[in-house]
Amino acid sequence: MGPTTDERLCAAISLCRKAGKLKCGGDLVRAEAQAGRAKLVLLCEDVAERSARQTQAACQAGGVPLRRLPLGMERLSQVTGRMYGILAICDRGFADMVLKLLQDGRT
């Protein structure tokens, strides 16, 4: 049996971070989204509702897709090195890879 969708998501996010194309933290991500530099914004499943609403508004303003991850901050911290609930992917290729993994995980 191969890696789970969660493991594949973490691996993709880790690759993105190592390539320098991952921004972490609410304020930074919202600024990237509003400026249109983010290609995809991700919210972990246990992010605060207020933060989620603020981020959604920034994504709408910048025309950036927003998705919820089936992962919590604790699991994501193993990939990012710190506790973040909001991530931005600033590369089209990585964004497409994560979107595909999220879609595959729902089927």
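These lines cover the structure that appears in this document, whether it is placed above or below. (Residues numbered from 1 in each chain as written. Predicted model: local features only at pLDDT ≥ 70, side-chain atom pairs only at ≥ 80, totals over all residues. Heavy atoms only, no water.)

Focus on the overall build of the chain
Selection rule: Here a strand is any run of E in DSSP of at least two residues, a helix any run of H or I of at least four, and the numbering for each starts at the N terminus. The globule rule is 2.2 Å times the number of residues to the power 0.38, and the radius of gyration it is compared with is taken over C-alpha atoms. Only protein chains enter the calculation, and the probe is 1.4 Å; a residue is then buried if its accessible area is under 20% of its type maximum, exposed if over 50%, and partly exposed in between.
The secondary structure content of the chain amounts to 5 helices and 4 strands. Listed N to C, the secondary structure of the chain is α-β-α-β-α-β-α-β-α in terms of helices and strands. Rg of the C-alpha trace for the chain: 13 Å, near the compact-globule value of 13 Å for 107 residues, within the 12% margin. Within the span of the chain, comprising 107 residues, buried residues form 43% of the whole.

Focus on the sheet that holds strand β2 (residues 40–43)
Neighbouring strands of a sheet are bound in pairs by backbone hydrogen bonds; such pairs are parallel or else antiparallel. Short version of the rule: DSSP-based pairing: two strands are paired if at least 2 bridges between them are found. Here, axes are lines fitted to C-alpha atoms. For helices the fit covers the stretch in contact, and angles between N-to-C directions go from 0 to 180 degrees. By the convention used here, residues are in contact when the closest approach between their heavy atoms is within 4.5 Å.
Ordered by their spatial adjacency, 4 strands build an open sheet running β1-β4-β2-β3, and the pairing between neighbours is mixed. Sheet topology places β1 (22–24) and β3 (66–68) at the edges, where each strand pairs with a single neighbour. Across the sheet, the mean angle separating the axes of adjacent strands is 25° when strand polarity is ignored. Sheet topology note: the β2/β3 ladder contains 3 bridges and is parallel. For Leu-42, the partnering residue across the bridge sits in β3 and is Arg-67. Running over the sheet, helix α3 (residues 49–62) touches β2, β3 and β4 (86–89) and is turned about 150° from β3.

Comments concerning the environment of Ala-31
Examined against the element boundaries, Ala-31 turns out to sit in helix α2 (residues 26–34). Assessed through its relative accessible area of 36%, Ala-31 is described here as partly exposed. Placed 24 residues apart in sequence, Ala-31 and Thr-55 show a C-alpha to C-alpha distance of 9.5 Å.

A closer look at the environment of Leu-15
You can see Leu-15 is positioned in helix α1 (residues 5–18). Relative accessible area serves as the criterion here: at 47%, Leu-15 is assigned to the partly exposed category. For Leu-15 and Arg-68, which are 53 residues apart along the polypeptide, the C-alpha to C-alpha distance reads 19 Å.

Thoughts on the pattern of salt bridges
What counts, and what does not: Salt bridges are defined as contacts in which a side-chain nitrogen from Lys or Arg sits within 4 Å of a carboxyl oxygen from Asp or Glu.
Using the criterion set out here, one finds 5 salt bridges in the structure. Of the charged contacts in the structure, one is a salt bridge between Glu-49 and Arg-68, with a shortest N-O distance of 3.8 Å. Highlighted residues: Glu-49 in helix α3 and Arg-68 in strand β3, separated in sequence by 19 residues. Residue Glu-49 is classed as partly exposed on the basis of its relative accessible area, which comes to 47%.

All quantities given are derived from atomic positions and should not be read as evidence of function.
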